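# Structural overview
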Amino acid sequence: MTVGPARQQITVNPGELAAFSVKFYNDSPTPIFGIVKVADFVVQDKEGSPRIIEDATQASPRFSASAWVTLPYDRMSIPANDKTLVQASLTIPKDARPGGRYIAVYFEPSSAVPQAVNDEAAGQGVSPRIASLLYIRVAGPILESAMINNLFTKSFYEYGPVKVESEILNRGDYHIRPRGMLSLTDPWGGLVEQVSLKEENVFPDAARSYENTLGSKWMLGRYKVTLVATNGEKGQALERSIYFWAFPWKVATVITLSLIIALLFGRSLYMRLAVKEASLEHMIETEKEEIEKLREELKKRKE
């Protein structure tokens, strides 16, 4: 089974009547019977996976909208190799608070065991329960509030590249899709590398985590990682920085030891050569003295 659209987004006004539709596709050679329902969903993990809330009373009134939706029926069949269209109506209360509301319309075959749907599985037919997610935006002034909740990397690396973990938290009234850039600068302030954050939805009262790698294998000194992001209609700017040290100490140790050994060997060779040279000079001086003595003796004999 598949569903289309897997996700859709509509904007409504308080007190307005609206409608939307969902198509459920049966690609099997036999008909499928089951129930069709609407429920609120929330995103609680940092990977953006929705969780359907079975009991509407457990949903936050701030983001709940399942009570606004009327389905034409609660049971349906989908013919073999065919589709069934579900046309739903949406009644927006006059006092509806501006911001986001999040619901799922799902079909569950009568023989299926209920399971939670995730954002990647929605619309792909990998779960007995298949859902279409609806993002409702109630028009009006909303709160846009987000922050970089976490920016982390290890404080020391022997070799790069380095792994950087970041997290953006949404405290606003509507889901956001931040655009961010991670920058790595060297100890002298030069730009080493820049990478973009993957653009993902961050739902209200939820955080989205990101993981990126920066830099090359060989780095030396104190480096700076900076995350700059913008989000929302007003382009709210977010920025945070961290530092880490990079030093290939094993290679440096080998090089240092090699230099020390070379210096010691050179010193030893120099000392041996110096001693040998001093010995030769002494021998030469001794021979000169002997030659002078012989000359003196020869001179005396001639006289």
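Procedures and definitions
Residues numbered from 1 in each chain as written. Predicted model: local features only at pLDDT ≥ 70, side-chain atom pairs only at ≥ 80, totals over all residues. Heavy atoms only, no water. Phe/Tyr/Trp six-rings, centres within 6.5 Å; stacked < 30°, edge-to-face > 60°. Helix = DSSP H or I, 4+ residues; strand = E, 2+ residues; numbered from the N terminus. Buried < 20%, exposed > 50% of the residue type's maximum accessible area, 1.4 Å probe, protein only. Patch = residues over 30% accessible without salt bridge, like charges linked within 9 Å, V, L, I, M, F, W, Y side chains within 5 Å. Areas by Shrake-Rupley, 256 points an atom, 1.4 Å probe, with all protein chains shown as cover. Salt bridge = Lys/Arg side-chain N within 4 Å of Asp/Glu carboxyl O. Pairing = 2+ DSSP bridges.

So, on to the packing of aromatic side chains. In this structure the tally under the stated criterion is twelve aromatic pairs. Relative to Tyr 102, the ring of Phe 63 has its centre 6.4 Å away and its plane inclined at 45°; by these criteria the two rings are tilted. Taken together, the positions of Phe 63 in the loop between strand S5 (50-53) and strand S6 (69-70) and Tyr 102 in strand S9 (residues 99-109) put the pair 39 residues apart, joining distant regions of the chain. The pair formed by Phe 63 and Tyr 102 is uniform in burial state, with each residue classed as buried. Judged by centre distance (5.2 Å) and plane angle (80°), the ring pair of Tyr 102 and Phe 203 falls under edge-to-face. A residue pair is termed long-range when its members are at least 10 positions apart, and Tyr 102 in strand S9 and Phe 203 in the loop between strand S15 (191-196) and strand S16 (206-214) qualify at 101 residues. On the accessibility criterion, Phe 203 (5% relative accessible area) is buried. By way of ring pairs, the aromatic residues Phe 41, Phe 63, Tyr 102, Tyr 135, Tyr 174 and Phe 203 are connected into one cluster.

The grouping of Phe 156, Leu 220, Trp 245, Phe 247 and Trp 249 at the surface amounts to a nonpolar patch, some 530 Å² of accessible area in total. Along the chain, the position of Phe 156 falls in strand S12 (residues 156-157).

Here the focus is the pattern of salt bridges. For the structure on display, the rule yields twelve salt bridges. Note that Arg 177 and Glu 199 form a salt bridge whose closest N and O atoms lie 3.9 Å from each other. With a gap of 22 residues between them, Arg 177 in the loop between strand S13 (162-170) and strand S14 (179-185) and Glu 199 in the loop between S15 and S16 connect regions that are remote in the sequence. The exposure class of Glu 199 is partly exposed, given its relative accessible area of 34%. If you follow the salt bridges from partner to partner, you end up with Arg 62, Arg 97, Arg 171, Asp 173 and Asp 205 in one network.

With that settled, the discussion passes to the pairing of S14. On a regular strand, one side chain projects to one face of the sheet and the next to the other, so that they alternate. Taken across its seven residues, S14 has five buried, putting it largely inside the fold. As paired strands, S14 and strand S17 (residues 221-231) are joined by seven bridges and run antiparallel to one another. Bridged to Thr 185 within S17 is Lys 224. Counting the residues between successive antiparallel strands, the hairpin from S14 to S15 contains five residues, one of them, Gly 189, with a positive phi of roughly 85°.

Our focus in this paragraph is the sheet that holds S6. On the basis of which strands lie adjacent, the open sheet formed by four strands has the order S1-S3-S8-S6 and antiparallel pairing. Of all the strands in the sheet, just strand S1 (2-4) and S6 have a single pairing partner and so form its edges. Pairing of strand S3 (residues 17-26) with strand S8 (residues 82-91) involves ten bridges; the strand directions are antiparallel. Residue pairing for S8: Phe 20 is matched across the bridge by Ala 88.

Glancing now at the sheet that holds strand S18 (residues 236-246). Taken in spatial order, the five strands line up as S12-S18-S17-S14-S15 in an open sheet, and their pairing is mixed. In the strand order of this sheet, the two ends are held by S12 and S15, each with one partner. Across five bridges, the pairing between S14 and S15 is antiparallel. Counterpart to Leu 182 in the pairing with S15 is Val 195.

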